[in-house]
Amino acid sequence: MDIKNAQKIVDDWINEHGVRYFNELTNMAQLTEEVGEVARIIARRYGEQSEKESDKDKDLGEELADVLFVVLCLANQTGVDLQKAFDKRMDKKAKRDHDRHHNNEKLK
């Protein structure tokens, strides 16, 4: 699935099930909350903190999908073609960062 199609799927879902988009500030707060849930899983599962029993059944993929859903909502409601923006960003990163990363001694 491409990003443009994902944006349409989210928009269709909002119109069918969600009544309307939450406003941008509410969605920004939701995005922060969802990113925090991803951070908690990663910090406890892959970092040095011990994982609480209540966190062991959390699905990292589902939490990342929640982040993606809110990002797609924000793109839709602000008129951003995320596919176009992503493609442009990847092109820029490829040109800007190729030599930088290949020449980075810390990555060898």
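Residues numbered from 1 in each chain as written. Predicted model: local features only at pLDDT ≥ 70, side-chain atom pairs only at ≥ 80, totals over all residues. Heavy atoms only, no water.

A. Quick look at the nonpolar core. Grouped together as the largest cluster of nonpolar side chains are seven residues: Leu 31, Val 38, Ile 41, Leu 60, Val 67, Val 70 and Leu 74. For this core, the secondary-structure elements that each account for two or more residues are helix H2 (24-45) and helix H3 (60-78). When residues in this core are grouped by element, the largest group, four residues, is from H3. Those residues in contact with Leu 74 that sit more than four places away from it in its chain are Glu 24, Asn 27, Met 28 and Leu 31. One finds Ala 6, Val 10, Leu 72 and Cys 73 within the second-largest nonpolar core, a separate group that totals six residues. (Core = buried A, V, L, I, M, F, W, Y, C linked by side-chain atoms within 4.5 Å. Buried < 20%, exposed > 50% of the residue type's maximum accessible area, 1.4 Å probe, protein only. Helix = DSSP H or I, 4+ residues; strand = E, 2+ residues; numbered from the N terminus. Contact = heavy atoms within 4.5 Å.)

B. Geometry of the UniProt feature "domain: NTP pyrophosphohydrolase MazG-like" (unreviewed entry) in the protein. Under the feature "domain: NTP pyrophosphohydrolase MazG-like" (unreviewed entry), the UniProt entry names residues 23-100. As annotated, residues 23-100 has a helix share of 77% and a strand share of 0%, and its two end C-alpha atoms lie 39 Å apart. (UniProt positions renumbered as here; feature names shortened; annotations may be inferred.)

C. Just the side chain of Gln 83, in detail. Tracing the backbone through its elements, the reader meets Gln 83 in helix H4 (residues 82-102). Here Gln 83 falls in the buried class, since its relative accessible area comes to 18%. Among the polar contacts listed, one links the side chain of Gln 83 to the backbone nitrogen of Ile 3, at a separation of 2.7 Å. Leave out the neighbours within four places in its chain, and Gln 83 touches Asp 2, Ile 3, Lys 4 and Gln 7. (Polar contact = N/O pair within 3.5 Å; in protein donor to acceptor, adjacent residues only side chain to side chain.)

D. Seen up close, the packing of aromatic side chains. Here the structure, examined in full by the defined rule, presents one aromatic pair. When the centroid spacing of 5.6 Å and the interplanar angle of 90 degrees are considered together, the rings of Trp 13 and Phe 69 count as edge-to-face. Taken together, the residues span a long stretch of sequence, with Trp 13 in helix H1 (residues 3-18) and Phe 69 in helix H3 at a distance of 56 residues. (Phe/Tyr/Trp six-rings, centres within 6.5 Å; stacked < 30°, edge-to-face > 60°.)

E. Looking closely at a positive patch on the surface. Taken together, Lys 84, Lys 88, Arg 89 and Lys 92 make up a surface patch of like positive charges. Summarising the element assignment, Lys 84 is placed in helix H4. (Patch = residues over 30% accessible without salt bridge, like charges linked within 9 Å, V, L, I, M, F, W, Y side chains within 5 Å. Areas by Shrake-Rupley, 256 points an atom, 1.4 Å probe, with all protein chains shown as cover. Salt bridge = Lys/Arg side-chain N within 4 Å of Asp/Glu carboxyl O. Lys, Arg positive; Asp, Glu negative; His and termini not counted. Charge placed at Lys NZ, Arg CZ, Asp CG, Glu CD.)

F. Quick look at H4. Given a rise of 1.5 Å per residue, 21 residues ought to cover 30 Å, and the 28 Å separating the end C-alpha atoms of H4 matches this to within 8%. Of all bends in H4, the biggest is about 40 degrees, found at Arg 96. (Expected span 1.5 Å × (residues − 1). Bend = angle between axes of the 7 residues up to and from the residue.)

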